[in-house]
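A structural walkthrough
Residue-level listing of the chains:
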Amino acid sequence: MEGINKVPVTIPLRDRIKGVASKIRKEMENEDEIRIMHLCGTHEDTITRFNLRSLMPDNLKLISGPGCPVCIIPDTDLQRVFHLIQETDITLTTFGDMARVPFEGRSLFYYRAKGHDIRVVYSIFDALEIAKKNKKPVVHFGIGFETTMPSTALAILDGIENFSVLSSHRFFLPAMDHLASLGEIKIDGFINPGHVSTIVGVKAYENILKRHRVPQVIAGFDPDDVMLAIYMLVDMIKKGEKEILNEYPRAVSYEGNEKSQMVMKEVFEKEDWEWRGIGVVKESGGNIKDKYDQFNAIKVYEDVFESFSPKEDKRKRMCRCGEVLRGLITPDDCSLFLKGCTPKNPVGPCMVSFEGICSIWASRGVRR
Amino acid sequence: MCLAFPGRVEKIEYPYAVANFGGTKRKVRIDLVDELKVGEYVLVHVGFAIQKVNEDEARQMEEIWKELIKSL
C-alpha cells in the first residue's frame, strides 16, 4: 500500500490507532483529568467518524473549539449579504455551506429560489471566471480563516473590473488567544489546525504559547495523525513541558507558506470584528485595505449599505451554537439538538456546516 | 472549510496546473508555491495549492511510527 507521495505505509492504520490508544490509556492511569481542545472542524470530523473518543480513557476529554469559519460568522454579516442581493442586481458567489445558513428561516438558497442570481462555487477562481464571462458585477461572499484568505487576496490582486469581495474572513490565531484568555474552561492542551498552520507556520503560535503556557501540537487530519497528536500532548502535559510540536511536518513548516503570508498582508488589514458566541476579537477581522477599495464590496456598494441595520433572529434564541463553539457544552446539551434542529432543517450554523460539531454529531450518529 | 487534498501535478501552465486527485483532474492555481515540478504532490485548498507535500518528512514520520509501534 502506498500513501501520498509514494511513501510506503508499512504499518496498517488499525494497528497504529490501537497501538497509540493503548499507550495513551497506560499514560493516563491514575492521572488527574486532562482536557484537550481541538480547533478545527475537520479534526472533529475525524474524531467522530472514527469514534476516537471511545478509545480515550475516562479522565481524558476531547473538546471541540471554534474551528468552523461558517459557524463563527455572526448574523450581522449574513444580513449584510441578504441586504445587498435584495437592493442590487448582482451575481453573488459563495461556498455551499455558507449558502445554507438561515436567518429568520431564510438562507441564500431561499433567495436563489426567489430569482436572485446566487451561485455556489468551489473556489474563488471559479467566481473570477464567472466575472470574466459576465458583464454583470460579481460579488464574492468571502469566508474562511488564514487557509482560505490567500486565495481571496490573489483574486483581488488579479484586478478584474466587475469583481469585488464582501469579506467575512477572519484570522484564527487571535481567536485562539482570546479563547485561552477567557479562562471559562480549563484547557490543558491544544490540537492546532493543520491547514491554517500550513499557511502561518509553527512560528505563528509562539506568542500564544508565551502568554498562556498551554502545550500545543499541530496535527494532520488522518485518524492516526489525531491519535498521535493526543499522545504527544498527554506526554508533554505529564512531563510539564510547554512547547509547540509539529505532528504534520509533511504539510507544515516552521516558517509556513511565506508567499501566502505576503499576499494576505498586501490585501488585508486586521480589525476588531465580532465572532458568533465569542464576541469581538481584537485584530481578528480580515478587512480589505483602502488601496483595494474598488474590489471591496463594502466600499463599492457604500450607498446601498447606508440603509442597512441588523436585527436579532428570534428563531435562534434557543440555539446554543455560541456555547458549543467555546467548548462549554456539547451538542446534546442543547434542547434543540435532533429535535427542532436537524441537518435538514438547521436552526443555527453549527448544524449547517459540514465542519459544525452539531452537524457532524447528527450526521455521523456517534456520541459519547 | 480548511479541507485540503493532495493531488499529483500533471501539467503546468503558470499560474495554473492540472492536478490529479486519485483520478479526478482539476485546474488549480499554483502562484503561492515555489518551484513546482510535474509529478510532485501539492495540497490543494479551494482551488489553490497551499503547499508542496514534503516527501522526506513523510518518510521520517513513517520511521517514527515504526519505532512507536515497536516500543509497545
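Okay, so let's go over this structure.

Focus on the overall build of chain B
Along the backbone of chain B there are one helix and five strands. Reading chain B from its N end, one meets helices and strands in the order β-β-β-β-β-α. Relative to a compact globule of 72 residues, whose C-alpha radius of gyration would be 11 Å, chain B shows 15 Å and is clearly more extended. The C-alpha extent of chain B, read off along each of the three principal axes, is 45 × 25 × 20 Å. Across the 72 residues of chain B, 46% fall into the buried class. For chain B, long-range pairs separated by at least 24 residues make up 33% of all intrachain contacts whose partners lie at least 6 apart in sequence.

Observations concerning the packing of helix 1 (residues 13–27) of chain A against helix 1 (residues 55–70) of chain B
The N-to-C vectors of helix 1 of chain A and helix 1 of chain B enclose an angle of 55°; their axes lie 10 Å apart at closest approach. Taken together, the axes of helix 1 of chain A and helix 1 of chain B are oblique relative to one another. Seen along the crossing, helix 1 of chain A lies across helix 1 of chain B with a hand that is left-handed. Contacts between helix 1 of chain A and helix 1 of chain B involve Asp 15, Arg 16, Gly 19, Val 20 and Lys 23 of chain A from the former and Glu 62, Trp 65, Leu 68 and Ile 69 of chain B from the latter. Here the residues of the contact of helix 1 of chain A with helix 1 of chain B sort into four nonpolar, one polar and four charged.

Things to note about the pattern of salt bridges
Think of it this way: side chains of opposite charge can pair up when their charged atoms draw near. Residue and element names in this part refer to chain A. Evaluated as defined, the whole model comprises 40 salt bridges over all chains. Its salt-bridge partner being Asp 117, residue Lys 136 comes within 3.2 Å of it at the nearest N-O pair. Note that Lys 136 is positioned in the loop between helix 6 (124–133) and strand 5 (138–142) and Asp 117 in the loop between helix 5 (108–113) and strand 4 (118–120), a separation of 19 residues in sequence. Beyond isolated ion pairs, a larger network of salt bridges with shared partners links Asp 75, Arg 276, Asp 313 and Lys 316.

Each value, and the rule that gives it
- Residues numbered from 1 in each chain as written.
- Chains lettered and ligands numbered in written order.
- Predicted model: local features only at pLDDT ≥ 70, side-chain atom pairs only at ≥ 80, totals over all residues.
- Heavy atoms only, no water.
- Helix = DSSP H or I, 4+ residues; strand = E, 2+ residues; numbered from the N terminus.
- Rg over C-alpha atoms; globule rule 2.2 N^0.38 Å.
- Buried < 20%, exposed > 50% of the residue type's maximum accessible area, 1.4 Å probe, protein only.
- Contact = heavy atoms within 4.5 Å.
- Axes fitted to C-alpha atoms, helices over the stretch in contact; angles between N-to-C directions.
- Parallel < 35°, antiparallel > 145°, perpendicular 65-115°, else oblique.
- Left-handed = near helix turned anticlockwise from the far one by under 90°.
- Nonpolar A, V, L, I, M, F, W, Y, C, P; charged D, E, K, R; others polar.
- Salt bridge = Lys/Arg side-chain N within 4 Å of Asp/Glu carboxyl O.

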